[in-house]
Structure formats: structure tokens, C-alpha cells
Amino acid sequence: MNLFTETNLSPEILKAIGELGFESPTEIQKQTIPFISTDIRDLIALAQTGTGKTAAFSLPILDMIDEGSRKIQFLVLCPTRELCLQITKDIKNYSKYMQNIKTTAVYGGSSIMDQIRSLRDKPQIIVGTPGRVIDMINRKALDFSEVQWVVLDEADEMLSMGFKDDLETILSETPDTKQTYLFSATMNKEVERISKNYLTTPHRISVGSINEVKKNIKHEYYVVGYRHKKEALKRLIDANPNQYSILFCRTRMETQEVADFLMQNGYAADALHGDLSQAQRDTVMKKFRLKNIDILVATDVAARGLDVNSLTHVIHYSLPDDPEVFVHRSGRTGRAGKDGISMALIKPEEQRKLKQIKSSTKIDIQEKKIPTGEAIIKSQVAGVFEALFTVHEEFFTFDDALIPDLSEFSKEELVHKLLQLQLRDVAMFYKDKNDLADQKFNADDRGGDSRRDRDRGRDRDRGRDRDRGDRREFSRDGGRDRDRKPRRNSGDMVRFFFNLGKKDQLKKMDMLEIINKSTAKSKKRPDIGDIEILEKFSFFEVEKSFKDEVLRGMQSQKFKGKEMRAEIAG
Ligand code: AMP
């Protein structure tokens, strides 16, 4: 099947996709279109965004949908509002010439009454996020009794966002005779479990970039201790000028912290994560699409709704646990025939995790040294010349009469002078600065431990920057550490038992985030001691005076939809 004309899709659909410039089916479309059109089995399709999966499931269903009926026949569930709107837009485009077909999006963060009113159109297709669909079911606004096809899109994300119970409730509202198609970028135990419970003898399809790694992406990794991580990041960004990139973090807190750090250091960066309101997320995405910001710091989930094809770099500020997520993240660059670079910052103790990623994905990830000041200046100079030949926009106009007599300079002298002016700040920043490339790592570099040493390192950096009057001081961390007391001994700490553990996908960073949230109302930040994440539960230590606040704060939070509980340990 090389052309859409060989698919037997209706002329209306062919006309619509022809106008969108679709000439031949993508790999996933080649497999799903004939399957959905002819087979009665359910389906598990492993495919990422960018593979053409929306058309892969919607074209054959549109081809079979009953235009004469005004009942809901086709339901798509997806994790985020952005994706919901994107899928709705795509389906509307594909069904442009099917005059009786109506598609309605239902998603949170927008008026439920307006959405209920829009159901008066009697759509045959609903695209929704699970929480809002449940709300509408509870208000008896949705009737799924005639649904024939259900698509669970980005199932892995929906499950990791804690929508498992909602999905089960929604599926129980649909008839047993329906066909269920599960699309997921990654396959994990949770996805397997839901497939087992809700799909009958599903056919499996896996395409492209899941295990097949794109060849046009260069993968690099940089080993750096915890206390130098942000400085290393700054160096990587400075050594790769003119970049347009997504920087992935693991938690919302880390995302905000890294974005703040970059903004305070003068970069056009911003954060995208689930703690932001919908309006804030929309603004950030718009700024990124318009290239008003060129570094987007995001969590994996928040970045999903963003379809940008011209990324030059992907930066893994923290490694994901799942190797497939690493491939998925990296695949955001190197699109549309362009080359891409994926750079990962690895803490010394993460070498094993990296090895696991390398062996399961078969990606050749090359170790590189954090660039020296000298190398950064070289890249910056090259970056200016690159921009000279590639940027053709005029950002402002000025009169040539403003150009004075420059005859005393040769062409080379003039270029030298302009470069000196242009790159002065960067050059001053790296002047006399110790390089990070050859640092030796030891236990003190591990995150979460040895805070005193970390502080000492920062104080040293701060002193050096202040001496030179450098305005690009790492002000945020510096400011916070100024008030930090040396680490307390264990007598000042209280040990808590916590009811969640590894089986609940709890990680150290999550625990830190939970403790910080619990004590967010306090002006002071508590000292946090050891955190032990065990299989079924965990332990953590927090400064004694925060005991009650932690116990109270935990009660109002949930982790991945689960109630959390802390108690004073034994
Ligand atoms: P998706 O994976 O559904 O997010 O689709 C990624 C992008 O590929 C979207 O912008 C689609 O419009 C586009 N696309 C999907 N199928 C095709 C095709 N057969 N030919 C060209 N572009 C396509």
C-alpha cells in the first residue's frame, strides 16, 4: 500500500487528506487502516506522536461510521487538553467533506456548561479527557450506549497520570460489543494490565521509533556531580548557540527550578508543567511556537501536547527511568529531515541506568566532556557566523547615515571588534573560571547527600563571581544557601514512615516534592535527611520542628491518585 488510493477509503476522506498534503500512508497507517477496516479484534498499537497515529485510527473509523445516526459511535480518550484539541482538529479536517459528521471535544479547564451545550449538535464523535468525560457522565450528558469504537490514546500517560479508575468507569459505560484500540508510546506493566482487563485477544502492532532509533540524531552524555549540574547545563547551552530545544526534567518542581535558573541567567527559557494553570500553559506553548523563547523546560507529560518539528536539541536534564521514554524524548528532535542532538546530563551514580538505556535501546550514546570556557567562546563565535548566514529577518531598521566612517578598520578588525562587543558577557563569565571537564567525582557529588559540601562549593563559586562583579551570578541558589545552616545531626531530625513505595512508582525526587509541598506554607524550608524508598512503603527524615506541618500537609495531597499517609516511625 504505497498510496492512499489503494486503501479503499471513501472519496470524501481521500479528498480531505489530499488537501492536507497526505500522499502515502505512514508505517502505522499502512498497518492499522486495513486492520481496523476488516478485523473485529481489539488492537494494541505502540506508536508515538509524530507517526501519524491520529489518522491511523480515525480514517478507517470515519470510513465506517454511520452518518445517518446521531448517536455517539466513536469515543477517543486522551490525557491532556492540548492533545484533545489537536485530535479534534485532525478528525474535523479528515471529515471535512462528510457533512453530517460532528465531532465534539470535552476537556477540563473550560466551561462544562458550554461543552454540554455543544452536545446539542448531536456529535457522532467525542474526543475527551477522562476527568471531564466522567463529570459529563455523572450529569447524564453523555450517552455511550451505541459506541462502537473506543480509542485509548497515549494510554501510558493516562495511566501514569492516575486516570486508571476513570478509564475503567468510562469503559463500563460502553457496550461490550465495541472494539477497543489502545495506543501507547511505551509498554509497561500498567498498560499490560489494563489491556488484559479491557481488551479481548488484541492484535499487536508496533511501529517506528519505539525501538527503531532515528539515525539522524547524535546522542551525547555528560557526567557531572549534583552540585555542578546547573553550571554544566549553562555551559552546554552556551556551547550550542542558536538552539531551539526542549529540556526534560522529571518533576514539576525540578522543571520550575531549572527554568527559573535559566531565566535568571538571561536565557529565553520558560517552564511547562502541570502546576501551571491552563492559561499559563497555553501562553508558554504559544511563546515557544513563535520562538519568543528558545528553551522550553518541561516534564514529559506536559511536553506531549506540543507538536514542534524544528527542534535542534533535546536535553535530558534528568534521565527517565524507562528507556523508551528516553527514545521518545530524543525523537522530538531530528524531525522533518533535519539532524538533531540529544544531550543527557548524568550524575556519576547514574552510569548503571545509562548502561541499561544504552543496552535496551541500542543507541550509541557517546561520552563527552563538559565544554571548557575556551571551547564555549569558539562555539559562540561560530554561532554568530552561523546566524549571519541563516537569519534573514530584519529585527529593526536603521538609517545607513548612522554608520560612521569606518575606514580606519580593516574588514577583519571590524569583525573582531563587533564580536568582542557581542560576546563580552559570555567571555567575562568564563574568564578564569575553573573548568568542569576534569572534575573527580566522589560520594559528595551525590544528590541528596552531603549538603554541607554542596554549600561550600556554591559559596566558593559565589565568591569568585562576586569578586569579578559578574551580573550573571547563580543568584537563586546562592540566595537560598546564604541562610542555610550546616546539616543538623540526627538528634534534630524525626523519622517518618510513609505508606507508598516503589510499587507506587514513588521516587526520591517525588518524596522531596511531597515534603516541600507539605511545608510550603512555612517561610523556612525544613532540613531533609535520609529518604529510603522501599518496595511497599518508605521512610524519610525531616527537621523536628516541622513534624506537625508534615503530618498535616500530607493529608491534603495525593500521589498519582493515591491517598498518602505519614506516621512517626517506630
Ligand atoms: P500524529 O502522530 O497523529 O500526531 O501526526 C503527526 C503529523 O503527521 C500531523 O501533523 C499529521 O497531520 C501528519 N500526517 C499524518 N499522516 C500523514 C501522512 N500520511 N502524510 C503526511 N503527513 C501526515
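Residues numbered from 1 in each chain as written. Predicted model: local features only at pLDDT ≥ 70, side-chain atom pairs only at ≥ 80, totals over all residues. Heavy atoms only, no water.

Here N8 is to be found in the segment before helix 1 (11–19). Remark: the alpha-carbon pair of N8 and P34, spanning 26 residues in sequence, is separated by 8.9 Å. (Helix = DSSP H or I, 4+ residues; strand = E, 2+ residues; numbered from the N terminus.)

For the rest of this paragraph, the subject is the packing of aromatic side chains. Inspection of every chain in the model, using the stated rule, returns 12 aromatic pairs. For the ring pair F57 and F74, a centre distance of 6.4 Å and an interplane angle of 80 degrees mean the geometry is edge-to-face. Here the residue F57 occupies a position in helix 3 (residues 53–64), and F74 occupies one in strand 2 (residues 74–77), the gap between them amounting to 17 residues. Using a relative accessible area of 0% as the deciding quantity, one classes F74 as buried. Put simply, the rings of F4, F22 and Y94 pair up and form one aromatic cluster. The cationic tip of K291 hangs over the ring face of Y244; the distance from NZ or CZ to the ring centre is 4.5 Å. (Phe/Tyr/Trp six-rings, centres within 6.5 Å; stacked < 30°, edge-to-face > 60°. Buried < 20%, exposed > 50% of the residue type's maximum accessible area, 1.4 Å probe, protein only. Lys NZ or Arg CZ within 6 Å of the ring centre and 35° of its normal.)

On to the packing of helix 6 (residues 130–138) against helix 8 (residues 164–172), then. Between helix 6 and helix 8, the shortest axis-to-axis distance is 9 Å and the interhelical angle comes to 45 degrees. Relative to helix 8, the element helix 6 lies oblique. As for the relative orientation of helix 6 and helix 8, their crossing is left-handed in sense. Facing helix 6, whose interface residues are P130, G131, V133, I134 and I137, helix 8 presents D166, L167, T169 and I170. Looking at the contact of helix 6 with helix 8 residue by residue, the class counts come to 6 nonpolar, 2 polar and 1 charged. (Axes fitted to C-alpha atoms, helices over the stretch in contact; angles between N-to-C directions. Parallel < 35°, antiparallel > 145°, perpendicular 65-115°, else oblique. Left-handed = near helix turned anticlockwise from the far one by under 90°. Contact = heavy atoms within 4.5 Å. Nonpolar A, V, L, I, M, F, W, Y, C, P; charged D, E, K, R; others polar.)

In the neighbourhood of the ligand, the contacting residues comprise F4, F22, S24, P25, T26, Q29, T49, G50, T51, G52, K53 and T54. Q29 places a side-chain nitrogen or oxygen 2.8 Å from a nitrogen atom of the ligand. Burial of the ligand by the surrounding chains reaches 73%, relative to a free accessible area of 500 Å². For the shell around the ligand, a count of residues per class yields 3 nonpolar, 8 polar and 1 charged. (Near = heavy atom within 4 Å. Polar contact = N/O pair within 3.5 Å; in protein donor to acceptor, adjacent residues only side chain to side chain. Areas by Shrake-Rupley, 256 points an atom, 1.4 Å probe, with all protein chains shown as cover.)

In spatial order, the strands read 16-17-15-20; together these 4 strands make up an open sheet with antiparallel pairing. Here the strands that pair on one side only, and so sit at the sheet edges, are strand 16 (528–533) and strand 20 (566–568). The mean inter-strand angle of the sheet, taken between neighbouring strand axes irrespective of direction, is 25 degrees. In the sheet, strand 15 (residues 493–498) pairs with strand 20 via 3 bridges, with the strands oriented antiparallel. Bridging from a neighbouring strand, F496 pairs with I568 of strand 20. Across the face of the sheet, helix 21 (residues 508–518) comes into contact with strand 15, strand 16 and strand 17 (538–543) while running at roughly 135 degrees to strand 16. (Pairing = 2+ DSSP bridges.)

The next thing to look at is the pairing of strand 4 (residues 125–128). Because side chains alternate across strand 4, one face comprises the buried residues I125 and V127, and the other comprises I126 and G128, equally buried. Sheet topology note: the strand 2/strand 4 ladder contains 4 bridges and is parallel. Of the residues in strand 4, the one forming a bridge with V76 is V127. Direction of pairing for strand 3 (residues 103–106) relative to strand 4: parallel, over a ladder of 4 bridges. In the sheet register, A105 faces strand 4, and the bridge partner there is V127. Read as a crossover between parallel neighbours, the route from strand 3 over helix 5 (residues 112–118) to strand 4 is right-handed. (Right-handed = clockwise from strand over helix to strand, strands pointing away.)

Attention shifts here to a nonpolar patch on the surface. Together, V391, F395, F396, F398, L402, I403 and L406 line one region of the surface with nonpolar side chains, adding up to about 750 Å² of accessible area. Mapped onto the secondary structure, V391 falls in the loop between helix 16 (373–390) and helix 17 (411–422). (Patch = residues over 30% accessible without salt bridge, like charges linked within 9 Å, V, L, I, M, F, W, Y side chains within 5 Å. Salt bridge = Lys/Arg side-chain N within 4 Å of Asp/Glu carboxyl O.)

The subject of this paragraph is the side chain of T180. By the secondary structure assignment, T180 is in strand 6 (residues 179–184). Here T180 is in contact with D42, L43, V150, L152, Y198 and L199, once residues within four sequence places are set aside.

Before going further, it helps to spend a moment on the nonpolar core. Formed by 38 residues in total, the largest nonpolar core has its most connected members in L59, F74 and Y181. Look past the residues within four positions of Y181 in its chain and what remains in contact with it is F35, I36, R41, D42, L43, I61, W149, V150, V151 and L152. In terms of nonpolar packing, the next biggest core, distinct from the first, is built from 30 residues, I126, V150, L167 and V191 among them. (Core = buried A, V, L, I, M, F, W, Y, C linked by side-chain atoms within 4.5 Å.)

Let us look at helix 1. Looking only at helix 1, the buried set comprises I13, A16 and I17. The arc that holds the buried residues of helix 1, viewed along the axis, is 90 degrees, so those residues lie on one side. If you follow the buried residues of helix 1, they end up packed against helix 3 and helix 4 (81–94). One or two positions beyond helix 1, positive phi appears at G21, with a value near 90 degrees. (Arc of directions from axis to C-beta.)

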